[in-house]
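Notes for the structure review
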Amino acid sequence: GENVEQHPSTLSVQEGDSAVIKCTYSDSASNYFPWYKQELGKRPQLIIDIRSNVGEKKDQRIAVTLNKTAKHFSLHITETQPEDSAVYFCAASHTGRRALTFGSGTRLQVQP
Amino acid sequence: DVKVTQSSRYLVKRTGEKVFLECVQDMDHENMFWYRQDPGLGLRLIYFSYDVKMKEKGDIPEGYSVSREKKERFSLILESASTNQTSMYLCASSNRGGNQPQHFGDGTRLSIL
């Protein structure tokens, strides 16, 4: 089955700096890679996703890159703000599988 | 906007009890999921369902069962609760097929004493 590894487990940055979270996956058939943000005490919410027919996707201050050959994908947050502080989860799936396999999460803390 | 509602935010039960966690979604989604969330382990899939009365085991189904009698409702059952099932339980739903965004409920923090 699919295995998703996520690094780092914790990340502390100064406000205004960039943050990068990396994930690797094992199943070469995977072609869908969403990222979820979970603020303290709240539900995980989808912030961006990418499908394997593209290598990069941007939405304002966040971007995701995908390297299918190396089987890894990354979340980039630029100009970080205190409200970006949360736990971020990557996940992977493929067309024939309805379920997602999640990484173990990254706790991002943005210091004002 | 998709709404996934879990019946309880906090629940305290005793070992050996039969525990029911309920989840309802209002977007006519075919797929529904139950995860447990533990620190450092991310979200682990317990069971999911892709249609009424249909279910599939996830990665950690032992000690759990599920029921989906109606499309909008998916129940997680702890047949005989044990202390190692103390955790945060999250329900999610998504549209038909694979590669669909999942929408989560607020979670149920379950403590087994």
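What comes next concerns the included structure. Remember, predicted model here, so these are calculated numbers, not experimental data.

Glancing now at the interface of chain B and chain A. Contact residues are listed per partner, giving 23 residues for chain B and 21 residues for chain A. Both faces combined, the contact of chain B with chain A buries some 1,800 Å², and carbon together with sulfur accounts for 49% of it. Three residues stand out in chain B for area buried against chain A, namely Leu43, Asn99 and Phe104 of chain B, and they jointly supply 33% of the buried area on that side. Our count for the contact surface shared by chain B and chain A stands at 1 salt bridge. Where chain B meets chain A, there are 7 residue pairs in polar contact (both at pLDDT 80 or more). Elements with a minimum of two residues in the side of chain B that touches chain A: strand S4 (31–38) and strand S5 (42–51) of chain B. Counting residues per element, the side of chain B that touches chain A draws most heavily on S5 of chain B, which supplies 5 residues. Within the side of chain B that touches chain A, the residues separate by chemical class into 11 nonpolar, 10 polar and 2 charged.

What follows deals with the environment of Thr69 of chain A. All names here are of chain A. By secondary structure assignment, the location of Thr69 is in the loop between strand S7 (62–67) and strand S8 (72–77). Owing to a relative accessible area of 77%, Thr69 belongs among the exposed residues under this scheme. Linking Thr69 and Ser93, residues 24 residues apart in sequence, is a C-alpha distance of 16 Å.

This next bit is on the layout of surface pockets. Considered as a void within the structure, the largest pocket measures approximately 560 Å³ in volume. Elements represented by at least two residues in the lining of the largest pocket include exactly strand S9 (86–92) and strand S11 (106–111) of chain A together with S4 and strand S9 (87–94) of chain B. Residue composition of the lining of the largest pocket, grouped by class: 8 nonpolar, 11 polar and 7 charged.

Next up on the list: the environment of Glu56 of chain B. Residues and elements named next belong to chain B. Its place among the elements puts Glu56 in strand S6 (residues 54–57). Measuring from C-alpha to C-alpha, the distance between Glu56 and Phe33 comes to 9.7 Å, with 23 residues separating the pair along the chain. Ignoring sequence-local partners within four residues, the contact set of Glu56 consists of Tyr47, Phe48 and Tyr50.

Residue and element names in this part refer to chain B. Of all 8 residues that make up S4, 8 are buried, and the element is covered over most of its length. In this sheet, S9 lies alongside S4 in antiparallel orientation, the contact comprising 7 bridges. Considered in S9, the bridge of Arg36 is made with Tyr89. The sheet contact formed by S4 and S5 spans 7 bridges and is antiparallel. Each residue of the ladder has a partner; that of Phe33, found in S5, is Phe48. Between S4 and S5, which pair antiparallel in sequence order, lie 3 residues; one of them, Gly40, sits at a positive phi of approximately 80°.

About the thresholds
The numbers attached to residues start from 1 for each chain and follow its sequence in the written order. Chain letters start at A and ligand numbers start at 1, both assigned in the order the entries are written. Per-residue local features are limited, in this predicted model, to residues with pLDDT of at least 70; the limit for side-chain atom pairs, both in listing and counting, is 80 or more; totals at the level of whole chains, interfaces and linings are taken over all residues. As a rule here, side-chain values cover all heavy atoms of the structure and leave hydrogens and water aside. Only heavy atoms matter for contacts: two residues are in contact if any of them lie within 4.5 Å across the pair. By definition, the buried area sums, over both parts, the 1.4 Å-probe accessible area that each loses when the two are put together. We define a salt bridge as a contact between a side-chain nitrogen of Lys or Arg and a carboxyl oxygen of Asp or Glu at a distance within 4 Å. Residues adjacent in sequence count toward polar contacts only when both atoms are side-chain atoms; beyond that, a polar contact is any pair of N or O atoms within 3.5 Å, and within protein one must be able to donate a hydrogen and the other to accept it. By definition, any uninterrupted DSSP run of H or I lasting at least four residues is a helix, any uninterrupted run of E lasting at least two residues is a strand, and each is numbered from the N terminus. Under the scheme applied, nonpolar residues are Ala, Val, Leu, Ile, Met, Phe, Trp, Tyr, Cys and Pro; charged residues are Asp, Glu, Lys and Arg; polar residues are all the others, including Gly. Only protein chains enter the calculation, and the probe is 1.4 Å; a residue is then buried if its accessible area is under 20% of its type maximum, exposed if over 50%, and partly exposed in between. The method works on a 1 Å grid over the protein atoms by themselves. A cavity is a set of points holding a 1.4 Å probe that cannot get out, a pocket is an open set with protein on both sides within 12 Å along at least five of seven lines, and residues with an atom within 4 Å of a point line them. Grid points are joined across faces, edges and corners, and a volume is the space filled by probe spheres set on the points. Two strands are counted as paired when DSSP detects at least two bridges linking them.

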